[in-house]
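Each chain is listed here by its residues.
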Amino acid sequence: MSESDITSDQILNEQEKTIEKTLRPQYLRQYLGQNKIKQQLQIYIQAAQKRQESLDHVLLYGPPGLGKTTLALVIANELQVKLHSTTGPSIEKAGDLVAILSELQPGDVLFIDEIHRLPKNVEEILYSAMEDFFIDIVVGQGAEAHSVHYPLPPFTLIGATTQAGQLSAPLRSRFGIIEHLTYYNEQELTAIVQRSAEVLAIAINEAGAHELARRSRGTPRVANRLLKRVRDFVQVAGDQQITATNAAKALDQLQVDTAGLDQTDRKLLKMMINLYNGGPLGLKTIAVNIGEEQETVEAVYEPYLLQQGFLKRTPRGRVVTSKAYQHLGIKKAQENGD
């Protein structure tokens, strides 16, 4: 490809990727939040290093954007080994997994994002690789087919998922370290916004960082995305730094409200209220009505709405709570049992 073929969008995308890499902490001391998990991982890593063994396999689960991928990178850096990254959907057949495993060196970390989406036949090969560090490969076809025993170096598998309930019991049981990443509080997110602003050379005061933090859905990824977009508004307006006032103005224009709800969150809640009197409503019906995939609703939107108390689950389905009516400024027609 010649230089003239490279579009401005491609250049911007590459710049965004470079920025994201710099925003990611490299070591546990730089990783903000998830303090209990960090403390435990520090012990596990030090113990493994003292025994000169590979770290036990790690499963990280929780809503998207909380730092599972970053934590995998941090673990590899703390162990001073190479990180090999892939995703569950990209490993379509056994040969794909064998090719990845064959590249591992002793002690390396293999990170599989969306591990709950591994095909069943691939998952079964992974069992012996995780437990006994070998795989058996069937070579040839028909009468000439035979099994080849392929030993592997000791390695650490880190699996990440937003849907731990979809993991099979045999796979889950092979992880020695299982950690649940939770939403960040406003204090932690304020510190993350301040660190990111420093990396990006953005002037921001503490009040401005806090305003961004409280609208970031308890999620570092959202906080960093909003920081970059607010920066655009502030720079075009000619302001010298991000403050609570200009941050709030920019976020209002981005349709992110004071509780961190975006346009889709409010669309979901208002749909349930206006069309179904607040529920109860099944997940499939919700997804169809707002034009989103069922998996997206369950993994991206629902967890935060549940955690903030705007939705609740009942045996009959999802129900909008009184808190949501109050936040949206809608008078509740009748009680829904909340």
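For clarity, every value in this text was computed on a predicted model and none was experimentally measured. (Residues numbered from 1 in each chain as written. Predicted model: local features only at pLDDT ≥ 70, side-chain atom pairs only at ≥ 80, totals over all residues. Heavy atoms only, no water.)

Asker: In this structure, what is going on with the pattern of salt bridges? I would like to understand it.
Answerer: A side chain of one charge can pair with a side chain of the opposite charge if their charged atoms are brought near each other. With the rule as written, the count across this model stands at 14 salt bridges. For the salt bridge of Glu-211 with Arg-215, the shortest nitrogen-to-oxygen distance reads 2.9 Å. Overall, the relative accessible area of 8% leaves Glu-211 in the buried class. Among the salt bridges present, the one from Asp-232 reaches Arg-231, with a minimum N-O distance of 3.9 Å. One salt-bridge network, in which partners are shared between bridges, spans Glu-211, Arg-214, Arg-215 and Asp-252. (Salt bridge = Lys/Arg side-chain N within 4 Å of Asp/Glu carboxyl O. Buried < 20%, exposed > 50% of the residue type's maximum accessible area, 1.4 Å probe, protein only.)

Asker: It is not clear to me how the side chain of Thr-264 should be interpreted in this structure. Could you clarify?
Answerer: Relative to the elements of secondary structure, Thr-264 occurs in helix 11 (residues 263–276). Accessibility expressed as a relative area gives 18% for Thr-264, which makes it buried. Other than its neighbours up to four places away in sequence, Thr-264 contacts Ile-290, Glu-292 and Tyr-301. (Helix = DSSP H or I, 4+ residues; strand = E, 2+ residues; numbered from the N terminus. Contact = heavy atoms within 4.5 Å.)

Asker: What am I meant to see in the UniProt feature "binding site: DNA" (unreviewed entry) in the protein here?
Answerer: Those residues carrying the UniProt feature "binding site: DNA" (unreviewed entry) are Arg-313 and Arg-318 in this numbering. With residues near it in sequence (within four places) discarded, Arg-313 still touches Glu-298, Glu-302, Leu-306 and Arg-318. Of note is the side chain of Arg-313, whose polar atom sits 2.7 Å from the side chain of Glu-302. Examined against the element boundaries, Arg-318 turns out to sit in strand 9 (residues 317–320). (UniProt positions renumbered as here; feature names shortened; annotations may be inferred. Polar contact = N/O pair within 3.5 Å; in protein donor to acceptor, adjacent residues only side chain to side chain.)

Asker: Got a minute to help me understand the packing of helix 8 (residues 206–214) against helix 10 (residues 244–253) in this structure?
Answerer: Helix packing for two helices is described by the angle between their axes and how far apart those axes are. At a minimum axis distance of 7 Å, the contact between helix 8 and helix 10 shows a crossing angle of 25°. Classed by the angle they form, the pair helix 8 and helix 10 counts as roughly parallel. Judged by the twist between their axes, the crossing of helix 8 over helix 10 is right-handed. Of helix 10, the residues touching helix 8 (which contributes Ala-207, Gly-208, Glu-211 and Leu-212) are Ala-244, Ala-247, Ala-248 and Leu-251. Class assignment for the residues of the contact of helix 8 with helix 10 results in 6 nonpolar, 1 polar and 1 charged. (Axes fitted to C-alpha atoms, helices over the stretch in contact; angles between N-to-C directions. Parallel < 35°, antiparallel > 145°, perpendicular 65-115°, else oblique. Left-handed = near helix turned anticlockwise from the far one by under 90°. Nonpolar A, V, L, I, M, F, W, Y, C, P; charged D, E, K, R; others polar.)

Asker: Got a minute to help me understand the pairing of strand 6 (residues 156–161) in this structure?
Answerer: For a regular strand, side-chain orientation follows a simple rule: the groups alternate between the two sheet faces. Within strand 6, 6 of the 6 residues are buried, which leaves the element mostly enclosed by the surrounding structure. Of the two faces of strand 6, both are covered, the one formed by Thr-156, Ile-158 and Ala-160 as well as the one formed by Leu-157, Gly-159 and Thr-161. Across 4 bridges, strand 1 (residues 58–61) lies against strand 6 in parallel orientation. Within the sheet, the bridge partner assigned to Leu-60 lies in strand 6 and is Ala-160. Relative to strand 6, strand 3 (residues 109–113) is paired through 5 bridges, and the arrangement is parallel. If you follow Leu-110 over to strand 6, its bridge partner there is Leu-157. (Pairing = 2+ DSSP bridges.)

Asker: What's the story with the side chain of Glu-211 in this structure? I'm lost.
Answerer: Here Glu-211 lies in helix 8. Residues contacting Glu-211, with those up to four places away along its chain left out, are Ala-244, Ala-247, Ala-248 and Leu-251.

Asker: Sorry if this is basic, but what is going on with unusual backbone geometry here?
Answerer: A negative phi holds for most residues other than glycine; trans holds for most peptide bonds. Cis peptide bonds are those with omega within 30 degrees of zero, and the linkage from Gly-279 to Pro-280 qualifies with 10°. By secondary structure assignment, the location of Pro-280 is in the loop between helix 11 and helix 12 (283–290). The residue Gln-80 is not glycine, and still its phi comes out positive at about 60°. Counting through the fold element by element, Gln-80 comes out in the loop between helix 3 (68–79) and strand 2 (83–87).

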